[in-house]
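Architecture and fold: a report
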Amino acid sequence: MSLISELQTILGTSHVLMKGDLSAFELDWRKRSKGRALCVASPANTQEVAQVVKACVAHKTSIVPQGGNTGLVAGSIPDESGQQVLLSLKRMRAIQAIDTANLSITVQAGCVLQEIQEAASHAGLLFPLSLGSEGSCTIGGNLSTNAGGTQVLRYGNTRELCLGLEVVSASGEIYSGLSGLRKDNTGYDLKNLFIGAEGTLGIITAATLKLYPKPLSTLTAWVAVDDLERCVSLLTQSHQALGAQLTGYEVMNQFSLSLVGKHIPQLACPFPNSPWCVLLELSDSESQAHASQQLENLLSQAMESGLASNAILADSLQKAKHLWHIRESITMAQAMEGLNIKNDISLPVSSITEFVRTTDHALGQLVPGVQLVNFGHLGDGNLHYNVQSPAHMPASVFLETFEDPVNTLVYQQVKHFGGSISAEHGIGSLKVLTLPHYKDPIALKMMRQIKVCLDPLNTFNPNRVVMID
Ligand SMILES: Cc1cc2nc3c(=O)[nH]c(=O)nc-3n(C[C@H](O)[C@H](O)[C@H](O)COP(=O)(O)OP(=O)(O)OC[C@H]3O[C@@H](n4cnc5c(N)ncnc54)[C@H](O)[C@@H]3O)c2cc1C
């Protein structure tokens, strides 16, 4: 029997797509990479995933897992061979259980992040993971990329939010690790191998995640700041004043906000002429009045000491959402502006100002007039240091001529300052050839050994994260 016939028998003909417009599956979110799949297989449950894996292994066919396809490193689309099975987890979107005493939720991997947030909220609890793509990304994708987002400062990356996983292995066996335990020292922590593996080691089919009590009040402020150095100093001051109540600290340069103003004009931005703006969030478990007082004190101190040149405090939930919406629209506004060079980097917070100063300068010498879309989760040392063509140079010419030299310059600088070339988006196929230049060779060797051990036939997402000879 052919592989397609076997998959049709396992899943039903309507869940094995071969014809029609497959571009939603084959084209990446940034529209920079396009592949071609043998078919798109959409299982409804874990047993079906296991059967699909066994059939693919028997036919020596590789599998590319896909959730919401919002990844930014082209890890979830097939290569151009037309020989890979694209495994879409989107039908597997059940909330399986909420345990309010254990503060945990168990969900299938295709659950959309926003649906998990809403389910937690209906139970009076909080699932804190929050990304600009939360309306379409899935928890399987979030776990596989170890997504970060805007709440890492207080709650950690997706890895820190996961208690247990269910995974289909490369032999088609089901590893049932949905224990929900907070303590379990019975050997290697297997779940952490699959988190951040970008679908190269196994297919995540379900997860048990941590929930938290909802804060009594959450307040948001938007602060105008004259330079990045002051943004870093204000972060230090915010840590000192607010401690664990500081739940978000985002920075945005003027150019990145001007793109939001240009492409999404209904999102009016406060202080549009300020060189930098900070979005600061405080979550408090005492009272609204207590939270307001604390934030107002911090902002007046910042103004008095010259760290902030202006500031507003959102006085309603709607206004707070508006401010977050501006921040989260930068990625979309940048995509609307056209192609650009994306760098998702992390650095010790103490080195960020010097990194940006020297890298901006060096890029200006390499490409006179280059424009920098610079924003990110400064509280986590994570910058989206994106490079846009000079005003009068077509983006296609810019990319063709400068993509490699710009990336090399930025990555060398990242290395020099002790940072990472991928803070939260992962490696995918975009950076798989770059990684060996910047990763510790012993670490890379161990990563290859783990890949070969868990997936000896290289069935899962080949040529992503690590290359196997
Ligand atoms: C507007 C916008 C804002 C964003 N903001 C952030 C942000 O703040 N922080 C951040 O970290 N990222 C951000 N991203 C990137 C992206 O949303 C995340 O990487 C997200 O976690 C991907 O989820 P997904 O379901 O779309 O995964 P996909 O894009 O479908 O897949 C991502 C990777 O995971 C693998 N995969 C997917 N599902 C599974 C599974 N069940 N089992 C095994 N492997 C699987 C894929 O093969 C691929 O390698 C943003 C993207 C956009 C478009």
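Just so it is clear, the structure is predicted and the values come from calculations on it, not from any experiment. (Residues numbered from 1 in each chain as written. Predicted model: local features only at pLDDT ≥ 70, side-chain atom pairs only at ≥ 80, totals over all residues. Heavy atoms only, no water.)

**Remarks on the site of the ligand**
Taken together, 36 residues surround the ligand, and among them P65, G67, T70, S133 and T138 come closest. Between the ligand and G148, the relevant distance is 2.9 Å, taken from an oxygen atom to a main-chain nitrogen or oxygen of the residue. E424 places a side-chain nitrogen or oxygen 3.0 Å from a nitrogen atom of the ligand. In isolation the ligand offers 980 Å² of accessible surface; the protein chains occlude 96% of this area. Broken down by secondary-structure element, the contributors of at least two residues to the shell around the ligand are β3 (63–66), α5 (139–145) and β10 (203–210). Of the residues in the shell around the ligand, the class split is 10 nonpolar, 24 polar and two charged. Two domains each provide a minimum of three residues to the shell around the ligand, namely domain 1 (3–88) and domain 2 (95–213). (Near = heavy atom within 4 Å. Polar contact = N/O pair within 3.5 Å; in protein donor to acceptor, adjacent residues only side chain to side chain. Areas by Shrake-Rupley, 256 points an atom, 1.4 Å probe, with all protein chains shown as cover. Helix = DSSP H or I, 4+ residues; strand = E, 2+ residues; numbered from the N terminus. Nonpolar A, V, L, I, M, F, W, Y, C, P; charged D, E, K, R; others polar. Domains from an automatic or database assignment.)

**With respect to the layout of surface pockets**
Considering only enclosed or pocket space, the second largest pocket measures out at about 730 Å³ in volume. In this structure, the second largest pocket is lined by 32 residues; those nearest its centre are G196, I427, K439, M447 and V465. Listing elements by their share of the lining of the second largest pocket, those giving two or more residues are α7 (191–194), α14 (395–416), α15 (435–438) and α16 (441–454). Broken down by class, the residue content of the lining of the second largest pocket amounts to 15 nonpolar, 10 polar and seven charged. (1 Å grid on protein atoms, 1.4 Å probe; cavity = no way out; pocket = protein on both sides within 12 Å on 5 of 7 lines; lining within 4 Å. Points joined across faces, edges and corners; volume = space filled by probe spheres on them.)

**Describing the pairing of strand β8 (residues 162–168)**
With seven of its seven residues buried, β8 lies for the most part within the structure. Bridging between β8 and strand β9 (residues 174–177) involves four bridges; their strand directions are antiparallel. Note on β9: the bridge partner recorded for V168 is I174. Two successive antiparallel strands, β8 and β9, enclose a turn made up of five residues, where G172 displays a positive phi of approximately 85 degrees. (Buried < 20%, exposed > 50% of the residue type's maximum accessible area, 1.4 Å probe, protein only. Pairing = 2+ DSSP bridges.)

**Here we look at the nonpolar core**
In terms of nonpolar packing, the biggest core is built from 54 residues, with F355 and L363 touching the most fellow members. Secondary-structure elements contributing two or more residues to this core are β12 (217–225), α8 (228–242), β13 (246–253), β14 (276–284), α10 (288–304), α13 (352–366), β18 (382–388) and α14. A per-element tally of this core places α14 first, with eight residues. The next biggest cluster of nonpolar side chains, apart from the first, holds 30 residues, and it includes L125, C137, Y155 and A197. (Core = buried A, V, L, I, M, F, W, Y, C linked by side-chain atoms within 4.5 Å.)

**A few points about the domain arrangement of the protein chain**
According to the domain assignment, the protein chain consists of domain 1 (3–88), domain 2 (95–213), domain 3 (217–331) and domain 4 (338–416). On a C-alpha basis, the centroid separation for the pair domain 2 and domain 3 is 29 Å. At the interface, seven residues of domain 2 touch 10 residues of domain 3. Ranking the residues of domain 2 by area buried against domain 3 places T150, L153 and R154 at the top, with a combined share of 66%. At the junction of domain 2 and domain 3, the tally comes to zero salt bridges. Along the contact surface separating domain 2 from domain 3 lie one residue pair in polar contact (both at pLDDT 80 or more). Looking at the side of domain 2 that touches domain 3 residue by residue, the class counts come to two nonpolar, four polar and one charged. (Contact = heavy atoms within 4.5 Å. Buried area = accessible area lost by both parts, 1.4 Å probe. Salt bridge = Lys/Arg side-chain N within 4 Å of Asp/Glu carboxyl O.)

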